[in-house]
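# Reading the structure
The lines below spell out each chain.
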Amino acid sequence: MTTSKKTYREAVKEALAQEMARDETVVQIGEDLRGGQAGTNPKLEEEKIEAFGGVLGVTKGLWSEFGSERVIDTPITESAIIGMAAGAALTGLRPVAELMFMDFFGVCYDALYNQAAKFRYMFGGKARTPMVVRGMIGAGFSAAAQHSQSPYHVFASVPGLKVVAPSNAHDAKGLLIQAIREDDPVVFCEHKTLYDTKAEVPDEPYSIPLGVANYTRQGTDVTVIALSAMVGAANDAADRLAAEGISVEVVDPRTVSPLDEEGILESAAATGRVVVVDESAARCGFGHDVVSLIATRAFDSLRAPVELVTPPHTPVPFSPKLEKAWLPDSARIEAAIRKLVAS
Amino acid sequence: MTTSKKTYREAVKEALAQEMARDETVVQIGEDLRGGQAGTNPKLEEEKIEAFGGVLGVTKGLWSEFGSERVIDTPITESAIIGMAAGAALTGLRPVAELMFMDFFGVCYDALYNQAAKFRYMFGGKARTPMVVRGMIGAGFSAAAQHSQSPYHVFASVPGLKVVAPSNAHDAKGLLIQAIREDDPVVFCEHKTLYDTKAEVPDEPYSIPLGVANYTRQGTDVTVIALSAMVGAANDAADRLAAEGISVEVVDPRTVSPLDEEGILESAAATGRVVVVDESAARCGFGHDVVSLIATRAFDSLRAPVELVTPPHTPVPFSPKLEKAWLPDSARIEAAIRKLVAS
Amino acid sequence: MDKRALLGAYRKMSRIRAFEDRLHEENATGDIPGFIHLYSGQEAIAVGVCENLDDTDHIGSTHRGHGHCIAKGCDVHGMMAEIFGKLDGLCHGKGGSMHIADLSVGMLGANAIVGGAPPLAIGAALSAKTLRNGGVAASFTGDGGSNQGTAFEAMNMAVVLQLPVVFVVENNGYGEATGTDYAVGTSDIAGRAAAFGMPAVKVDGTDFFAVHEAAREAVERARAGGGPTTIEASANRFYGHFEGDAQLYRTPEQVAELRATQDPLQIFRGKVDRRKVTAREFDEVDEESRALVDDAVAKARAAEYPPIEHLLTDVYVSF
Amino acid sequence: MDKRALLGAYRKMSRIRAFEDRLHEENATGDIPGFIHLYSGQEAIAVGVCENLDDTDHIGSTHRGHGHCIAKGCDVHGMMAEIFGKLDGLCHGKGGSMHIADLSVGMLGANAIVGGAPPLAIGAALSAKTLRNGGVAASFTGDGGSNQGTAFEAMNMAVVLQLPVVFVVENNGYGEATGTDYAVGTSDIAGRAAAFGMPAVKVDGTDFFAVHEAAREAVERARAGGGPTTIEASANRFYGHFEGDAQLYRTPEQVAELRATQDPLQIFRGKVDRRKVTAREFDEVDEESRALVDDAVAKARAAEYPPIEHLLTDVYVSF
Ligand SMILES: Cc1ncc(C[n+]2csc(CCOP(=O)(O)OP(=O)(O)O)c2C)c(N)n1
Ligand SMILES: Cc1ncc(C[n+]2csc(CCOP(=O)(O)OP(=O)(O)O)c2C)c(N)n1
Ligand SMILES: [Mg+2]
Ligand SMILES: [Mg+2]
């Protein structure tokens, strides 16, 4: 299998393109996935150029390859986008709907959480709703309070939804391919600050199963559980501490739901000292879920209380310095590790 | 101060009526709060009778007392209801918006979580958004998957929102009066199975501060943290165990946000054995938040891992027996307490 | 329409009526869990639309879904068992009245969220268009639901993508206890839909033939690639909003009058030439319907509740 | 309009233009955090509407909010400092371009959620109606935002409650990179609004006087208890959707042509009798505007960032 260096953005696009090529029922639905329709530049149509290709260029190239029937630009109308995807998934398509910024779930959440997520159960197992909702999460872009959130904890609390949040280009491709192949609705969270990060990524299609954590680094003193952009921050902290002989294990659950409970518990039990880092929320977030898991199921192995590192209980501020202070970073993770090691 | 036996329903209504009488800027907004407009029965208007007075009769009497300008019936249009309430709260009113079933937040969540909750912060402290969103939560009515949820964990994860979930008529009145007087947006969760429960409730207006837990029962062996309808279940279990000499403390946080962390930690530290009971979610719920709080901040006092009792990770099933099995009950709480005592 | 078709349509209407009238009685026994919203009085709408559809076509429905289910071909026994919360139910007891679904006949589920169906229906229409299988989708919404943002968004999307979908708005005069003339700012639901850029018509929803013809045109246009249509069909609900509604917003005399003059089944009978279908033949259909429902109730009552283990199944296809 | 009023209106348009043109340059330096959406080309709409409003009236805005802010009287220095993320900003650096607000002048905030404003604006209108203070609210939305369910719901609610509100839809031909004629199923936004049961007009949004007159009528009607109005105003944005947009959906020649022929400031000048306001007087206003913006940029650049402690303040009034 050949591989090449690809950005996270390219990895996502490649996953979409390869699944579309493989399966005719995969369609893309969203705003400006192509862009330029009813625009005044005739060349776009003639020369098959996407005017946008997604607001940050992630889907650029899909329309020119697969055409308007499979790359469906919509009005700005998220309730209809997600609801339409849900209805289409019930009836033979395998839609991938783009929400652009996950923060927008507030205008269309019913279609996801009360409809798509619940069909199978409410209908006694007689329905399948194979759909993916893709969107950006995360702070770090000065995009302010309504464009910087990471609400995967909200989605993960919904029975019927699966939730994925890859931390690197390699996982992004493999997990997205798997997400599209799932027969359940999946929310796929792309961290906007990761789009330009690169990794060695196989060129061929491959899939990574949901619910399998990745030990991004093995260690013996402290376990750090971190997701999405926090994985990089955790590894940075671990790098620095390694020089001092502190051995840190960094576990990336990769999927919020299903959660690889055993994978997490194993590492927690082995080190007995755990830092949980999470960008989602200071209250009722994914971090609390993981702390709770460990505290209820690995209690006897714990040598110190779990350290939970989250943003404060505030909206994401705009001003860069405040935003930087808001976001958990490798310094805070390092401090938490040091505290545990000292305890 | 005179008191009388009132149902939870009556307590809620009394709080609404007394605050409307006290403060002219308090208005009610929702669907069929009155009912009967443009209906064909002329008597209603003439004789000032509400056709509905809320779908379960909670607001009956308000329109006849305060008129159409302050008890505002709307179309079925929750995005406009919550958004309108938010805009009105910014500009001089103190609206109470009814969402009927909290499950409906999916069609209007943006107005609550991206708008109302964030104004003050995004605007640098220059705005106030004094509004209450009232609605029913909870399973137990065979209302099935879309009318039985308790999504207070979702609201509590949002900085800027306050979240209240009273467990009895007395608290319902005092907390609702306080919620209306708050200058921040408050989500007020009324458990539908509690409406007909009664308590001794003062007739005069009174308020209960948000963020103060209620020790509904003092005990020394085990602490149970329970909210809303779970408080009754916890006390039932405690009653049974008391006969065996097991002394259970039942702490009702009453408000999910702010959370009385000290009140919870104090009891947890005192008993060292804690059961957390929560109806919200099996993943990333309020229960996990409380377990995480205790595990990170009262770790050294714990004599055994915290027991977390939640529904399973499934939608709420319709069929009564399944629903009963879904809902945490006093038997499961009792079992969790026994397990802790035995440990 | 030939005799078979006439009797076929009448049979569905008759079954809906028998089903709902019987549920009204059964509900009074206290044995039916949860909320029940009855469709009696609106039968001509569901049947008038669905007689133009086949199993590869899809419909999205509402909280008041029994009529749509029967019209689309759901099994009456399975429906009744579902409403009683039994294992034999179409959803094995997990859904109940507000979530009855049968994808095998194209019924995408009753829906307890007002305005839930239109986005789902355009999704089914998108499938049909993309898979080029000639399918059509219909979305049922009430007058009250017609004010939801989801309904408006679905309409605009359907026009933009020229989806094969029919938006059926059942105007029964009320959303819960609130009159349409209050809640719909323009009282002209069809006119509002037309302004979204699609053909929209108003029909008398008590008249099967009027609905059937309007739906025929709309479905044909959709199948031919002509895009969406809205049909505003007016009829009355004979019962309260839900079982237990005291209906203070209208008088008992008014309801009696509606039952006497606006009954879609009587109107159907009145429009069919006696030489084509006799009163007796109609009566036989009604008797059959009642017998069918009797049997369904008896079996539903006797049936088992789902075993507790089912609580945990069917959340995911795989997890 | 007398000379003072004319110059007052022109001054606002001129300030918006100077502000946005300058931001375009400043953004290129890389010193402005986050996303910036410029309003140049649409000045006559914000100003034409807001010249009919005073501080007790409210407006809701969009992601493209700078023009609305200036038109409603927000302090230009405070805006600029906000956009640079500084402590002196109108929101003390916590909001940024997409959240500039100043409730003291009735500006309810730019809004990063498309379709966010209409529900908020009807809320302000409800306050005015309930408190009987004679206030009016205006909601600004784009052509793209006009397809959101929130916008439709707000319209229906405003009609039902006869709220004093004006829905201003700024049709600039695009929502991001997608043309209005694609995204709005009917290409007639005003017609769609009219079908909700309110007066709705189309105006040339490059012509201040046309907008001003339409808004005057709408605001008067609203103040007099006559309920809502929709104004669809068409104009062009001279820059990309956001700074950084390559604008592939139109050609540079087309943009140049728009700037040459559809400039609201030039059109304003052209419509004013030279004997009332001279070219020189207009030029002076433009110079003043540039000087004001120069000063605002200099001060904003020199200003402090908010101290880290501010991270935790202003989440709640009390907690
Ligand atoms: C989003 C949402 N809001 C409110 C409700 C409560 N509700 C259930 S049915 C109903 C009335 C619906 O009226 P209409 O659409 O006219 O349908 P009808 O009941 O007349 O068939 C309401 C308000 C709901 N189920 N979902
Ligand atoms: C709910 C939501 N969906 C999508 C977006 C992304 N977005 C920001 S501006 C915009 C285009 C808006 O177009 P229009 O309403 O015409 O306003 P214009 O940009 O032309 O001023 C989009 C899609 C958003 N911010 N919010
Ligand atoms: Mg109705
Ligand atoms: Mg636009």
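Residues numbered from 1 in each chain as written. Chains lettered and ligands numbered in written order. Predicted model: local features only at pLDDT ≥ 70, side-chain atom pairs only at ≥ 80, totals over all residues. Heavy atoms only, no water.

This part covers the overall build of chain A. Looking only at helices and strands, one finds 13 helices and 14 strands in chain A. At 20 Å, chain A has a C-alpha radius of gyration in line with the 20 Å of a compact globule built from 343 residues. Considered along the principal axes of its C-alpha atoms, chain A spans approximately 65 × 45 × 45 Å. Within chain A, the proportion of its 343 residues that are buried is 74%. Contacts in chain A between residues far apart in sequence, at least 24 positions, make up 80% of those at least 6 positions apart. Accessible surface, chain A as shown: approximately 9,000 Å² in total, 49% of it carbon and sulfur. Mean positive and mean negative side-chain charge positions of chain A (33 and 45 charges, respectively) differ by 1 Å. (Helix = DSSP H or I, 4+ residues; strand = E, 2+ residues; numbered from the N terminus. Rg over C-alpha atoms; globule rule 2.2 N^0.38 Å. Buried < 20%, exposed > 50% of the residue type's maximum accessible area, 1.4 Å probe, protein only. Contact = heavy atoms within 4.5 Å. Areas by Shrake-Rupley, 256 points an atom, 1.4 Å probe, with all protein chains shown as cover. Lys, Arg positive; Asp, Glu negative; His and termini not counted. Charge placed at Lys NZ, Arg CZ, Asp CG, Glu CD.)

Across the boundary between the two partners, chain B contributes 49 residues, which contact 49 residues of chain A. For the pair chain B and chain A, the summed buried area comes to about 4,200 Å², and 62% of that belongs to carbon and sulfur atoms. Among the residues chain B hides against chain A, the three largest losses belong to Tyr121(B), Arg283(B) and Phe299(B). Together they make up 17% of the total. Inspection of the region where chain B meets chain A yields two salt bridges. Measuring nitrogen to oxygen at the nearest pair gives 2.8 Å for the salt bridge that ties Asp289(A) to Arg283(B). Our count for the contact surface shared by chain B and chain A stands at 22 residue pairs in polar contact (both at pLDDT 80 or more). Taken together, the elements giving at least two residues each to the side of chain B that touches chain A come down to helix 5 (109-116), helix 6 (119-122), helix 7 (152-156), strand 12 (255-257) and helix 11 (286-297) of chain B. Considering every element that reaches the side of chain B that touches chain A, the biggest residue donor is helix 11 of chain B, with seven residues. (Buried area = accessible area lost by both parts, 1.4 Å probe. Salt bridge = Lys/Arg side-chain N within 4 Å of Asp/Glu carboxyl O. Polar contact = N/O pair within 3.5 Å; in protein donor to acceptor, adjacent residues only side chain to side chain.)

Turning our eyes to something else, we now look at the sheet that holds strand 3 (residues 71-73) of chain A. All names here are of chain A. Taken together, the seven strands give an open sheet; going across it, the order is 3-2-4-5-7-6-12, and neighbouring strands pair in mixed fashion. Both outer strands of the open sheet, strand 3 and strand 12 (255-257), are each paired with one neighbouring strand and no more. Taking the axes of each pair of neighbouring strands and ignoring which way they run, one obtains an average angle of 20° across the sheet. Where strand 6 (residues 162-164) meets strand 12, two bridges bridge the pair, whose relative direction is antiparallel. By the bridge assignment, Val 164 is partnered in strand 12 with Thr 255. (Pairing = 2+ DSSP bridges. Axes fitted to C-alpha atoms, helices over the stretch in contact; angles between N-to-C directions.)

On to the site of ligand 2. Around ligand 2, 21 residues are found, and the nearest of them are Glu78(A), His63(D), Arg64(D), Ala112(D) and Asn172(D). Residues near ligand 2 are shared among chains A and D, making this a multi-chain site. In this structure, Arg64(D) approaches ligand 2 through a side-chain N or O atom, which is 2.7 Å from an oxygen atom. One of the side-chain nitrogen or oxygen atoms of Asn172(D) is found 2.7 Å away from an oxygen atom of ligand 2. Considered on its own, ligand 2 offers 580 Å² of accessible surface; in the complex 97% of this is hidden by protein. In terms of residue class, the shell around ligand 2 is built from seven nonpolar, nine polar and five charged. (Near = heavy atom within 4 Å. Nonpolar A, V, L, I, M, F, W, Y, C, P; charged D, E, K, R; others polar.)

The next point concerns the coordination of the magnesium ion (ligand 3). Residues and elements named next belong to chain C. Within the protein, Asp 143 (OD), Asn 172 (OD1) and Tyr 174 (O) serve as the donor atoms for the magnesium ion (ligand 3), at 2.0 to 2.1 Å. On the accessibility criterion, Asn 172 (7% relative accessible area) is buried. For Tyr 174, a relative accessible area of 9% corresponds to the buried category. (Donors = N, O, S within 2.8 Å, 3.2 Å for Na, K, Ca; no water.)

Surrounding ligand 1, one finds 21 residues, the nearest of these being Glu78(B), His63(C), Arg64(C), Ala112(C) and Asn172(C). Neighbouring residues of ligand 1 are not confined to a single chain but are spread across chains B and C. The backbone of Val114(C) places a nitrogen or oxygen atom 3.0 Å from a nitrogen atom of ligand 1. Interatomic distance of 2.8 Å between a backbone N/O atom of Gly144(C) and an oxygen atom of ligand 1. Protein contact buries 97% of the 580 Å² of open area that ligand 1 shows by itself. For the shell around ligand 1, the class distribution of residues is seven nonpolar, nine polar and five charged.

Between chain C and chain D, the residue contacts involve 19 residues of the former and 19 residues of the latter. Summed over both partners, the interface of chain C with chain D comes to about 1,400 Å²; 60% of that surface belongs to carbon and sulfur atoms. Inspection of the chain C/chain D interface yields zero salt bridges. Where chain C packs against chain D, one counts twelve residue pairs in polar contact (both at pLDDT 80 or more). If you list the elements that add at least two residues to the side of chain C that touches chain D, you get helix 6 (149-161), helix 7 (180-183) and helix 8 (189-194) of chain C. The element contributing the most residues to the side of chain C that touches chain D is helix 6 of chain C, with seven residues.

It is worth spelling out the relation of the copies chain B and chain A at this point. Relative to chain A, chain B is turned by 180° and slid 0.0 Å along the rotation axis, the superposed coordinates differing by an RMSD of 0.0 Å. The operation mapping one copy onto its partner corresponds to a two-fold rotation axis. When the interface residues of chain B are mapped onto chain A, 100% of them are again interface residues, pointing to one common binding face. (Least-squares fit on C-alpha atoms with pLDDT ≥ 70 in both.)

This paragraph deals with the environment of Cys69(D). Residues and elements named next belong to chain D. Looking at where Cys 69 falls in the secondary structure, it is placed in helix 3 (residues 66-72). Residue Cys 69 is classed as buried on the basis of its relative accessible area of 0%. Taking C-alpha positions, Cys 69 is 16 Å from Gly 142, a pair spaced 73 residues apart along the chain.

What follows deals with the UniProt feature "domain: Transketolase-like pyrimidine-binding" (unreviewed entry) in chain A. Those places that UniProt annotates as "domain: Transketolase-like pyrimidine-binding" (unreviewed entry) correspond, in this numbering, to residues 6-197 of chain A. Taken end to end, residues 6-197 of chain A comprises 36% helix and 17% strand; its first and last C-alpha atoms sit 8 Å apart. (UniProt positions renumbered as here; feature names shortened; annotations may be inferred.)

Glancing now at the relation of the copies chain C and chain D. Structural alignment of chain C on chain D gives an RMSD of 0.0 Å, achieved by rotating through 180° and translating 0.0 Å along the axis. The overlap is high: 100% of the interface residues of chain C also sit at the interface in chain D, so the same surface is used on both sides.

Residue and element names in this part refer to chain C. The N-to-C vectors of helix 5 (residues 117-131) and helix 6 enclose an angle of 20°; their axes lie 8 Å apart at closest approach. As judged from the angle between their axes, helix 5 and helix 6 are roughly parallel. As helix 5 packs across helix 6, the resulting crossing turns out to be left-handed. Where helix 5 approaches helix 6, its residues Pro 118, Pro 119, Ile 122 and Lys 129 are matched on the opposing element by Thr 150, Ala 151, Ala 154, Met 157, Ala 158 and Leu 161. A per-class count over the contact of helix 5 with helix 6 returns eight nonpolar, one polar and one charged. (Parallel < 35°, antiparallel > 145°, perpendicular 65-115°, else oblique. Left-handed = near helix turned anticlockwise from the far one by under 90°.)

Let's shift gears to the pattern of salt bridges. Note on pairing: side chains with opposite charge can pair once their charged atoms come close. Inspection of every chain in the model, using the stated rule, returns 90 salt bridges over all chains. With a shortest N-O distance of 2.3 Å, Lys162(A) and Glu182(A) are connected by a salt bridge. With a gap of 20 residues between them, Lys162(A) in strand 6 and Glu182(A) in the loop between helix 8 (169-181) and strand 7 (186-191) connect regions that are remote in the sequence. Like Lys162(A), the residue Glu182(A) is buried in the burial classification. Each member of the salt-bridge network shares a partner with another, and the members are Arg22(C), Glu26(C), Asp31(C), Asp294(C) and Arg301(C).

This part covers the pairing of strand 13 (residues 274-277) of chain A. Residues and elements named next belong to chain A. Burial along strand 13 is two-sided: Val 274 and Val 276 and Val 275 and Val 277, pointing in opposite directions, are all buried. The pairing of strand 10 (residues 222-225) with strand 13 spans three bridges and is classified as parallel. Note that in strand 13 the partner of Val 224 across the bridge is Val 275. Summarising the sheet, strand 13 and strand 14 (residues 307-309) pair through three bridges and their orientation is parallel. When the sheet's bridge partners are listed, Val 277 is paired in strand 14 with Val 309. In this region the chain leaves strand 13, passes through helix 11 (residues 286-297) and returns to the parallel neighbour strand 14; the handedness of that crossover is right-handed. (Right-handed = clockwise from strand over helix to strand, strands pointing away.)

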